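# Summary of the model geometry
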Amino acid sequence: MPRKLVRKRGKPAGSAPGTLIHVGEKRTESVRLHYIDYDAHQLEEQDVAADEAAACCALKDRPSVSWINVDGIHQPATIQTIGDCFSLHPLVQEDILNTDHRPKFEAFDDYAFIVLKMPFYDQERREVRTEQVSLILGNRFVLSFQEKEGDVFDKIRDRLRNNKGRIRKLGADYLAYALIDAVVDHYFSILEQIGDQIEDLEDELILEPDQETLHAIHNFKREMILLRKSVWPLRELISGLQRDESDLISDTTKIYLRDVYDHTIQVIDTVETFRDIIAGMLDLYLSSLSNRMNEVMKVLTIMATIFIPLTFLAGVYGMNFHYMPELTWRWSYPAFWLIMIAIGLGLFVAFKRRKWL
Amino acid sequence: MPRKLVRKRGKPAGSAPGTLIHVGEKRTESVRLHYIDYDAHQLEEQDVAADEAAACCALKDRPSVSWINVDGIHQPATIQTIGDCFSLHPLVQEDILNTDHRPKFEAFDDYAFIVLKMPFYDQERREVRTEQVSLILGNRFVLSFQEKEGDVFDKIRDRLRNNKGRIRKLGADYLAYALIDAVVDHYFSILEQIGDQIEDLEDELILEPDQETLHAIHNFKREMILLRKSVWPLRELISGLQRDESDLISDTTKIYLRDVYDHTIQVIDTVETFRDIIAGMLDLYLSSLSNRMNEVMKVLTIMATIFIPLTFLAGVYGMNFHYMPELTWRWSYPAFWLIMIAIGLGLFVAFKRRKWL
Amino acid sequence: MPRKLVRKRGKPAGSAPGTLIHVGEKRTESVRLHYIDYDAHQLEEQDVAADEAAACCALKDRPSVSWINVDGIHQPATIQTIGDCFSLHPLVQEDILNTDHRPKFEAFDDYAFIVLKMPFYDQERREVRTEQVSLILGNRFVLSFQEKEGDVFDKIRDRLRNNKGRIRKLGADYLAYALIDAVVDHYFSILEQIGDQIEDLEDELILEPDQETLHAIHNFKREMILLRKSVWPLRELISGLQRDESDLISDTTKIYLRDVYDHTIQVIDTVETFRDIIAGMLDLYLSSLSNRMNEVMKVLTIMATIFIPLTFLAGVYGMNFHYMPELTWRWSYPAFWLIMIAIGLGLFVAFKRRKWL
Amino acid sequence: MPRKLVRKRGKPAGSAPGTLIHVGEKRTESVRLHYIDYDAHQLEEQDVAADEAAACCALKDRPSVSWINVDGIHQPATIQTIGDCFSLHPLVQEDILNTDHRPKFEAFDDYAFIVLKMPFYDQERREVRTEQVSLILGNRFVLSFQEKEGDVFDKIRDRLRNNKGRIRKLGADYLAYALIDAVVDHYFSILEQIGDQIEDLEDELILEPDQETLHAIHNFKREMILLRKSVWPLRELISGLQRDESDLISDTTKIYLRDVYDHTIQVIDTVETFRDIIAGMLDLYLSSLSNRMNEVMKVLTIMATIFIPLTFLAGVYGMNFHYMPELTWRWSYPAFWLIMIAIGLGLFVAFKRRKWL
Amino acid sequence: MPRKLVRKRGKPAGSAPGTLIHVGEKRTESVRLHYIDYDAHQLEEQDVAADEAAACCALKDRPSVSWINVDGIHQPATIQTIGDCFSLHPLVQEDILNTDHRPKFEAFDDYAFIVLKMPFYDQERREVRTEQVSLILGNRFVLSFQEKEGDVFDKIRDRLRNNKGRIRKLGADYLAYALIDAVVDHYFSILEQIGDQIEDLEDELILEPDQETLHAIHNFKREMILLRKSVWPLRELISGLQRDESDLISDTTKIYLRDVYDHTIQVIDTVETFRDIIAGMLDLYLSSLSNRMNEVMKVLTIMATIFIPLTFLAGVYGMNFHYMPELTWRWSYPAFWLIMIAIGLGLFVAFKRRKWL
């Protein structure tokens with residue numbers, strides 16, 4: 001079953017903006033909150049139950065950096081609790097619940113709102129899909145909201161726990177950068193898989209293309225159309241972050257953002273290259289079809305052209321006219337065979353000359 | 001009957017600008033006026049007969065916000081009465097009557113003129129069409145002109161009556177935003193319907209494509225071309241509103257406009273995605289045709305190629321030459337069948353090898 | 001005969017700029033001059049012979065607005081007389097005579113030079129062509145040069161004579177606007193005609209497409225390519241007029257120019273939409289061809305496949321072998337027919353299953 | 001033999017910039033220098049031998065305007081002599097010798113360097129090619145370098161000699177303008193020729209397209225791709241000249257540059273139009289092919305479908321079964337013919353109904 | 001085996017930025033360092049073992065210009081040693097090791113980081129590939145990192161050793177320019193080879209296209225898609241260098257950069273032209289296929305159409321009806337032949353008229 005082209009919007013047209021309604025599929029059973037609070041010297045980490053979300057509010061006033069991660073966004077109440085603690089605008093709260101957004105960056109007075117699309121390979125539907133990841137970057141906190149648990153951020157948790165690299169020394173902006181970088185890097189691993197599949201398909205296309213190959217090309221094309229929609233806005237998003245003039249993002253982090261910007265350009269480049277290659281494959285497929293049709297037609301034409309006159313001649317000597325002198329001659333039957341073979345060979349040579357054989 | 005590509009313009013080329021002539025179809029019998037006058041504390045609501053339009057003029061001087069909605073724009077006199085009360089430029093009055101415009105935003109000294117296209121599904125013609133919605137945003141009033149009664153604005157009327165959300169607390173600019181938002185949201189429900197139809201068509205395309213499928217693809221393509229014309233200018237319109245430097249639009253409302261701008265981008269994205277997908281479907285359709293032609297040709301070629309030489313041989317032994325020694329041999333008839341079967345099997349194996357069977 | 005793609009340029013490459021040579025077809029026999037001199041209170045109107053063009057010079061110094069219209073531009077002397085009176089730059093005089101220009105706007109110190117393309121339907125060649133209209137907008141005068149007499153400006157003459165609307169009250173810039181508006185409006189009536197023809201062609205395409213349909217599509221495509229060349233620069237031209245910072249164009253007129261700018265965008269939109277629709281029609285035509293080819297092939301294949309084995313069998317029993325036991329059996333002939341019908345029906349059912357019938 | 005897509009570069013990768021090596025074909029045997037030195041009152045003109053190039057150096061200090069034209073650029077020594085006299089940057093000297101450049105404009109402190117491509121029709125290869133024309137515009141001198149003698153500049157020489165127009169009264173910048181204008185005008189005459197050929201081809205395409213037509217379309221397409229490469233940069237070049245802020249180009253000349261800019265846009269427009277038309281011709285050609293294939297298939301199918309059942313029936317009554325009662329009936333032979341004719345007519349009517357005939 | 005579309009990234013998604021891991025193929029066995037230290041008067045040159053990289057650090061403080069070239073980048077330790085000596089940012093060190101980057105230019109406080117792609121023809125895989133060249137331009141040093149030894153820079157080494165041209169007189173920025181210029185020039189020699197191959201393919205396409213030709217076209221297309229990815233960013237890179245406002249690049253060198261910018265534009269132009277030409281070749285190939293199919297079909301149709309009615313007639317007179325008067329007539333057999341020949345000739349003439357023969 002292909003993915004829906006436009007998702008049903010729970011919110012009816014004309015309803016008040018800022019109404020908190022979850023829009024999208026429910027992708028995990030339980031909502032899970034987890035926070036890590038750290039500075040260069042210490043780290044505190046804890047799981048929080050969905051109905052005790054208010055417990056996270058205290059983190060806001062600590063001088064250390066807090067990262068609150070929410071897996072599962074289908075409970076508006078939880079989002080609202082968190083959102084109100086950190087004074088998020090009602091429209092932002094609405095946007096976090098609505099998984100329909102394209103990647104974007106919005107600066108508010110004392111926080112930045114970032115929407116990303118995380119690609120993942122849906123084993124069941126056998127296609128690449130995306131889930132929405134929303135980030136709130138505040139002065140000393142980062143909130144992240146995912147549709148379901150994922151393992152992409154685990155590497156960052158490990159770096160925090162093990163105090164690897166500079167991550168514990170730098171502020172919330174560096175953490176936000178690390179999360180964005182992890183998402184963009186994840187695109188590479190997905191594109192690598194797709195690249196492998198495309199190369200397999202190219203081999204198949206040259207060896208023995210069939211109707212299946214055509215559908216596979218069509219599916220890749222469709223996948224690229226939809227993947228493209230989620231990567232192009234990334235570029236704008238990150239250059240928006242780089243140009244941001246608030247104090248949220250330090251100059252040190254901006255150098256790292258330049259790096260992730262480069263990666264984004266590469267992701268876009270790769271998607272565009274895949275599109276071009278897939279378009280080329282379709283051309284190749286159609287040419288192969290025409291080529292094979294040509295082959296089939298040639299075989300038919302050669303067979304028909306050689307035997308049609310022969311059959312006619314055989315028919316002639318099967319006629320029952322009383323006065324057919326050839327019929328009584330002694331050598332007409334062998335002569336008939338000789339003529340047949342001569343005609344056949346003559347046509348064969350003519351085909352050879354035209355390079356049909 | 002497909003929708004007209006270019007609508008007849010009632011106004012003859014070269015006539016004076018500012019002449020009030022209705023251009024377009026008459027889509028409702030009677031012209032209906034309705035106003036809602038409200039502030040945070042009270043709300044007054046009334047239907048007004050078309051020929052008493054002047055009664056609305058008094059609303060202009062009230063300190064509360066007034067929303068005058070006109071359904072049916074084919075009576076120039078009504079439009080002129082309203083237009084003159086609220087001192088609209090003659091060109092604006094002409095534009096309200098002319099349903100031929102593309103979406104646009106024009107700032108005047110003390111009001112803004114906004115033209116939108118509202119999509120609707122025409123049951124009779126079985127296609128998506130648009131009607132024109134014109135808005136005038138003044139300091140404490142909003143005028144809306146629709147070609148026919150619709151239910152998209154009912155939600156907003158309910159929010160006003162029930163004093164839901166912030167709508168009663170904020171000014172005329174927020175009301176105008178709410179109306180635009182309702183129109184843009186309506187595009188989503190239309191696109192959702194089209195998306196479902198496209199997916200049905202895709203299934204049909206893979207299972208059993210026929211001439212009908214081709215016409216359906218062509219119609220979608222045409223629909224997208226025309227829908228596209230009405231959504232692209234929306235983007236410019238809303239970013240025009242956001243950049244507007246008059247006092248008409250408050251900063252609070254501008255944050256909401258940013259939200260509706262995002263939705264517009266999503267609508268455009270979706271329309272473009274549909275275009276790409278439809279283009280892909282046409283390719284798929286053509287490839288399927290070629291594939292099926294190949295199948296047909298193969299069947300013909302296999303049958304012909306197997307039987308043509310056999311028929312020739314049968315013809316040979318039907319000849320009436322007097323001296324054909326084979327005819328008299330005891331086992332030639334069974335031998336003939338054996339040879340026939342051998343030739344047939346040989347060709348069959350050859351076709352198998354070429355993967356034609 | 002299709003219109004020439006590139007018109008012969010009378011002027012040889014390398015000749016001095018400013019040389020007055022008429023470039024283009026001669027489209028009218030006699031050159032005709034006509035002037036209307038008016039202000040809010042009076043109007044004077046007169047035809048002037050081509051060789052008395054100098055008589056118009058006196059109009060330059062009157063305080064009222066003068067509009068001098070020249071029909072037929074193939075007499076350089078006339079253009080030069082007028083041009084020198086109103087101190088036009090030699091390059092401008094050359095450009096008026098050369099009908100090869102694309103629409104453009106050029107500001108000079110005390111006048112503006114505007115080149116437009118007026119579309120008209122050439123009955124003889126059965127295609128849309130354009131003639132060049134050049135306007136000179138001075139402080140209190142407008143000069144218009146047409147290749148041949150037309151009736152598009154008659155409406156404006158009537159408005160002037162009858163003192164309808166604001167035209168007599170406003171200056172030369174409003175008159176120039178009115179002329180441009182008349183030309184742009186004229187595009188709509190031409191596009192309306194083309195739109196009707198395209199819709200007729202679409203019906204024909206679905207009912208019974210043939211080689212003629214293909215040529216009609218090709219001609220529309222060609223027409224659009226050439227029409228497009230004349231409408232795109234209009235946009236730039238009018239926005240150039242709007243941005244003009246000289247005193248020639250008043251702010252009042254600029255509001256009207258905004259209106260004509262909108263119309264131009266609509267014209268461009270329509271031309272682009274037609275291009276898209278025509279491209280879609282070509283695809284549809286090609287698909288129909290393939291579809292019909294498929295139909296033809298199926299009929300051939302079904303007939304051949306059913307009868308080829310039957311004919312073979314009939315041939316077998318027409319053989320003259322002496323020992324063919326079946327020939328002597330009592331029921332072999334009826335049995336032969338039964339087998340024939342069984343084979344025929346079997347193949348018929350097989351085709352039914354493959355949805356070939 | 002088609003023109004080389006990429007020309008061999010004499011200069012090996014990595015060699016020092018500023019090394020004077022001629023890159024390109026040698027298009028004339030002898031290098032010829034010619035100078036014209038003039039002001040409003042007098043004109044001096046002389047041919048100079050290649051090895052006395054230094055004689056031109058004296059011209060630099062004269063108060064009059066000097067135009068030195070060099071035909072043939074394959075002798076680096078001559079270019080260097082001239083270049084050093086007029087203090088040209090080594091890179092400029094290298095660029096003059098290298099015919100591989102795209103049109104460009106480069107401003108230096110006291111001169112401007114302009115590279116143009118002059119189109120010409122190569123009789124031998126039967127295709128349009130370009131030669132490089134380099135101009136150096138100094139304060140009171142113009143240097144022009146051509147690959148071979150041409151007659152495009154002769155008109156300008158005549159204008160200088162005859163003191164026609166303003167050319168002797170204005171400075172070196174006007175001369176440079178006149179040279180550029182001559183080159184751009186030359187594009188028109190080339191495009192006119194191509195336009196005529198394209199129209200001939202269009203007629204051929206409709207009357208009797210064959211493999212030759214296809215190759216002609218392909219060659220035009222290729223020619224347009226390469227011509228396009230040489231005209232697009234012209235636009236930028238001339239607008240660069242217009243925006244130039246040095247004292248080299250006077251305001252009077254800039255008005256003339258605006259004119260040549262318009263011509264350039266027209267050239268580009270025409271090339272793009274040709275591309276569109278050629279693309280349309282390819283579509284038309286392919287559709288014609290499919291149409292004709294359809295015709296061929298229909299003839300085959302009609303013939304086969306009518307005769308296949310008849311031949312089968314004839315075969316049936318040629319069988320030698322002993323008990324075939326029809327064979328002995330008196331009227332079976334005429335009846336056979338009647339049935340044959342009835343079947344034939346029936347199929348004929350069926351084909352008529354399907355519009356195959 | 002085609003080149004991988006996306007290269008495996010050694011670095012797992014989410015790992016810390018600045019971690020030094022080599023990403024890419026290992027293209028040379030041993031890592032080699034070589035430095036040249038020079039000024040206008042002296043030059044010192046030496047090979048350094050990979051594990052003594054620290055020896056290069058001393059060069060940093062010399063007043064002369066130092067060029068350190070590293071061939072082979074798969075040993076992170078070597079890169080880190082060098083990188084730390086010259087205080088390169090950890091992200092830069094990471095980027096040098098990762099061969100996955102697109103060309104880019106990044107300015108840091110006291111050095112500039114430049115990534116280039118050097119094309120080379122891979123003999124084994126028979127296709128054009130690229131290797132990454134990273135340059136660090138400091139105040140008095142240039143570091144260059146190549147994936148494997150190449151000979152493109154040898155010319156520059158010779159110019160340095162022989163003190164040819166200005167290279168020893170100008171600073172590190174001129175050396176960096178010379179290296180970039182060598183890379184860009186190398187694109188020309190690669191494109192020249194491809195151009196030759198494309199022209200060979202074009203000839204083949206016209207003479208005798210087959211399935212191989214199609215695959216060759218497809219491969220060129222793919223090669224162009226990938227080559228394009230590496231040349232487009234070059235343009236931005238070099239214009240970034242030109243606009244750079246630090247003191248690293250002198251005005252003298254910027255004039256040379258303008259030259260290399262022109263070359264880059266030409267490279268891009270050529271790649272785009274190749275793309276257009278290859279697209280045209282595919283069209284030509286497909287048209288040839290259709291043309292040949294047409295030929296085949298015509299032969300079949302002519303043969304079948306001529307012989308089918310003849311065979312039918314022969315069948316008729318092979319029937320065994322007792323009462324067939326023609327059978328006994330004296331001249332019916334010769335008459336039969338005459339009728340056969342007449343029918344055959346009639347059909348032949350009909351085909352001639354339709355231009356099928």
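From a predicted model like this one, the values you see are computed outputs, not experimental measurements.

For the match of chain B to chain A, the screw axis carries a shift of 0.0 Å, the RMSD comes to 0.1 Å, and the turn is 72°. Such a combination of turn and shift is consistent with a five-fold rotation axis. Within chain B, the C-alpha atom positioned nearest to the axis of rotation is that of G318(B), 4.7 Å from it. When you check the interface residues of chain B against chain A, a mere 14% turn up at the interface there too, and the two sides of the contact use different surfaces.

All names here are of chain E. Relative to the 48 Å expected for 33 residues at 1.5 Å per residue, helix α5 (residues 211-243) spans 49 Å between its end C-alpha atoms, a close match to the ideal helical length. Of all the bends found along α5, the most pronounced is centred on R228 and spans about 30°. By the N-cap criterion, in which a side-chain oxygen at the helix start approaches the backbone nitrogen of a residue two or three places on, α5 is capped by D210, the distance to E212 being 3.1 Å.

The two copies are related by a screw operation: chain C maps onto chain D through 72° of rotation and 0.0 Å of translation along the axis, at an RMSD of 0.1 Å. The fraction of interface residues of chain C whose copies in chain D are also interface residues is only 13%, indicating that the copies meet through different surfaces.

Moving on: the interface of chain C and chain D. Quoted interface sizes are often the accessible area lost when the parts come together. Each side of the interface is counted separately: chain C has 67 residues, and chain D has 67 residues. One can count five salt bridges joining chain C with chain D. Taking the shortest distance from any N to any O, the salt bridge between E202(D) and R222(C) comes out at 2.9 Å. Applying the counting rule to chain C against chain D returns 15 residue pairs in polar contact (both at pLDDT 80 or more). Elements with a minimum of two residues in the side of chain C that touches chain D: α2 (90-97), β4 (104-107), α5 (211-243), α6 (251-316) and α7 (332-353) of chain C. Of all the elements, α6(C) adds the most residues to the side of chain C that touches chain D, at 18 residues. Here the side of chain C that touches chain D is composed, by residue class, of 34 nonpolar, twelve polar and 21 charged.

Our focus in this paragraph is the interface of chain B and chain A. Taken together, the contact between chain B and chain A spans 66 residues of the former and 67 residues of the latter. Taking both sides of the interface into account, the surface hidden between chain B and chain A amounts to around 6,100 Å²; carbon and sulfur atoms contribute 63%. If you sort the residues of chain B by the area they bury against chain A, F312(B), F321(B) and Y323(B) come out on top, with a joint share of 11%. Counting across the interface, chain B meets chain A through 16 residue pairs in polar contact (both at pLDDT 80 or more). Counting residues per element, the side of chain B that touches chain A draws most heavily on helix α6 (residues 251-316) of chain B, which supplies 36 residues. A breakdown of the residues in the side of chain B that touches chain A according to their chemical character gives 31 nonpolar, 18 polar and 17 charged.

On to the sheet that holds strand β7 (residues 141-146) of chain E. Residues and elements named next belong to chain E. Ordered by their spatial adjacency, seven strands build an open sheet running β2-β1-β3-β7-β6-β5-β4, and the pairing between neighbours is mixed. Pairing within the sheet leaves two strands with one partner each, and these edge strands are β2 (43-49) and β4 (104-107). Ignoring strand direction, the axes of neighbouring strands in this sheet form an average angle of 20°. Pairing geometry for strand β3 (residues 65-71) and β7, over six bridges, is parallel. Bridging across to β7, D71 finds its partner in Q146. Those strands touched by helix α3 (residues 154-162) are β1 (32-38), β2 and β3, and its axis lies near 35° from that of β1.

This brings us to the nonpolar core. Judged by nonpolar contacts, the single largest core of 332 residues is most densely connected at F153(A), F153(B), F153(C) and F153(E). Excluding residues that lie within four positions of it along the chain, F153(C) makes contacts with W67(C), N69(C), M118(C), V133(C), Q146(C), L179(C), A182(C) and V183(C). By size, the runner-up hydrophobic cluster in this structure holds 135 residues, among which are L313(B), M319(B), L347(C) and M297(E).

A few words on unusual backbone geometry. Backbone phi values are negative for most residues with the exception of glycine, while trans is the configuration of most peptide bonds. If you check the backbone angles, S87(D) has positive phi at about 50° while not being a glycine. Relative to the assigned elements, S87(D) resides in the loop between α1 (76-85) and α2 (90-97).

A grouping of I341(A), L345(A), F348(A), V349(A) and L357(A) is seen on the molecular surface, where their side chains present a nonpolar patch of about 450 Å² in accessible area. Mapped onto the elements of the fold, L357(A) is located in the segment after α8 (332-353).

Residue and element names in this part refer to chain D. Sheet architecture is open: seven strands sit in the order β2-β1-β3-β7-β6-β5-β4, paired in mixed fashion. On the outer flanks of this sheet lie β2 (43-49) and β4 (104-107), each paired with one strand and no other. Ignoring which end each strand starts from, the neighbouring axes of this sheet average 20° apart. Of the strands in this sheet, β4, β5 (112-122), β6 (127-137) and β7 (141-146) touch α2, which is tilted by about 155° from β6.

Rules behind the numbers
Residues numbered from 1 in each chain as written. Chains lettered and ligands numbered in written order. Predicted model: local features only at pLDDT ≥ 70, side-chain atom pairs only at ≥ 80, totals over all residues. Heavy atoms only, no water. Least-squares fit on C-alpha atoms with pLDDT ≥ 70 in both. Contact = heavy atoms within 4.5 Å. Helix = DSSP H or I, 4+ residues; strand = E, 2+ residues; numbered from the N terminus. Expected span 1.5 Å × (residues − 1). Bend = angle between axes of the 7 residues up to and from the residue. Polar contact = N/O pair within 3.5 Å; in protein donor to acceptor, adjacent residues only side chain to side chain. Salt bridge = Lys/Arg side-chain N within 4 Å of Asp/Glu carboxyl O. Nonpolar A, V, L, I, M, F, W, Y, C, P; charged D, E, K, R; others polar. Buried area = accessible area lost by both parts, 1.4 Å probe. Pairing = 2+ DSSP bridges. Axes fitted to C-alpha atoms, helices over the stretch in contact; angles between N-to-C directions. Core = buried A, V, L, I, M, F, W, Y, C linked by side-chain atoms within 4.5 Å. Buried < 20%, exposed > 50% of the residue type's maximum accessible area, 1.4 Å probe, protein only. Patch = residues over 30% accessible without salt bridge, like charges linked within 9 Å, V, L, I, M, F, W, Y side chains within 5 Å. Areas by Shrake-Rupley, 256 points an atom, 1.4 Å probe, with all protein chains shown as cover.

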